[in-house]
Amino acid sequence: EMIYLESSGKIYVAHGGSLTYAADFSVIESTAIGSTGIEEIVVASNTSNGIIIPGTSFGGVTGGFGVRKLLYNTDQSRIFAVYDAFDFSSNIKEINITNATVDATPLLAENATAFGDSVMALDGYIYQINRSSENPSIDIYSPDTKSLIKSIATELPLQSITVVK
């Protein structure tokens with residue numbers, strides 16, 4: 001996944017990393033150093049500034065957690081990264097591209113293991129698919145309060161989500 005910030009003329013790419021699995025493939029043991037995080041590309045010069053926010057900024061060992069997706073609000077003033085942990089769980093943290101930092105507090109109280117797709121809608125909320133086989137839902141979070149606003153039950157676990165105006 002990637003986003004283009006018109007104001008800066010740069011593309012930001014989410015990198016999941018090169019993974020090392022346990023012998024039985026039950027868990028990810030590590031990621032290669034320098035292979036996870038968020039890369040910055042300058043469109044005008046067609047050059048990469050490399051990984052400006054490493055996966056270790058999200059936690060984990062070696063190369064850190066893999067960054068799966070970047071979310072942003074309509075005026076691109078707030079950017080969030082969806083990241084994956086070694087136990088196949090996921091969470092979301094706000095990032096600051098300007099000073100290449102990651103908010104210490106994740107959006108979800110704890111990492112979700114039934115984590116599906118996520119999107120930031122025009123209303124400023126983050127819509128996240130909960131792929132639980134027992135209670136599948138679309139969970140709506142406030143990035144301001146880092147709290148669950150509403151959970152909408154679905155019949156079956158969803159795969160992806162798009163919010164249209």
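Here, the structure is the one placed above.
(A) Main features of the pairing of strand β12 (residues 126-130). By the criterion of burial, β12 is predominantly enclosed, with four of the five residues buried. Two successive antiparallel strands, strand β11 (residues 115-120) and β12, enclose a turn made up of five residues, where Gly124 displays a positive phi of approximately 90°. Summarising the sheet, β12 and strand β13 (residues 137-142) pair through five bridges and their orientation is antiparallel. Bridge pairing in β13 links Asn130 to Ser137. Taken together, β12 and the strand that follows it, β13, pair antiparallel across an intervening segment of six residues.

(B) Inspection of the side chain of Glu94 at higher detail. Locating Glu94 in the fold gives a position in strand β9 (residues 90-96). Within the local environment of Glu94, its side chain forms a polar contact with the side chain of Arg78, the two groups lying 2.9 Å apart. Setting aside chain neighbours within four positions, we find Glu94 in contact with Arg78, Ile79, Phe80, Thr101, Val102 and Asp103.

Conventions used here
Residues numbered from 1 in each chain as written. Predicted model: local features only at pLDDT ≥ 70, side-chain atom pairs only at ≥ 80, totals over all residues. Heavy atoms only, no water. Buried < 20%, exposed > 50% of the residue type's maximum accessible area, 1.4 Å probe, protein only. Helix = DSSP H or I, 4+ residues; strand = E, 2+ residues; numbered from the N terminus. Pairing = 2+ DSSP bridges. Polar contact = N/O pair within 3.5 Å; in protein donor to acceptor, adjacent residues only side chain to side chain. Contact = heavy atoms within 4.5 Å.

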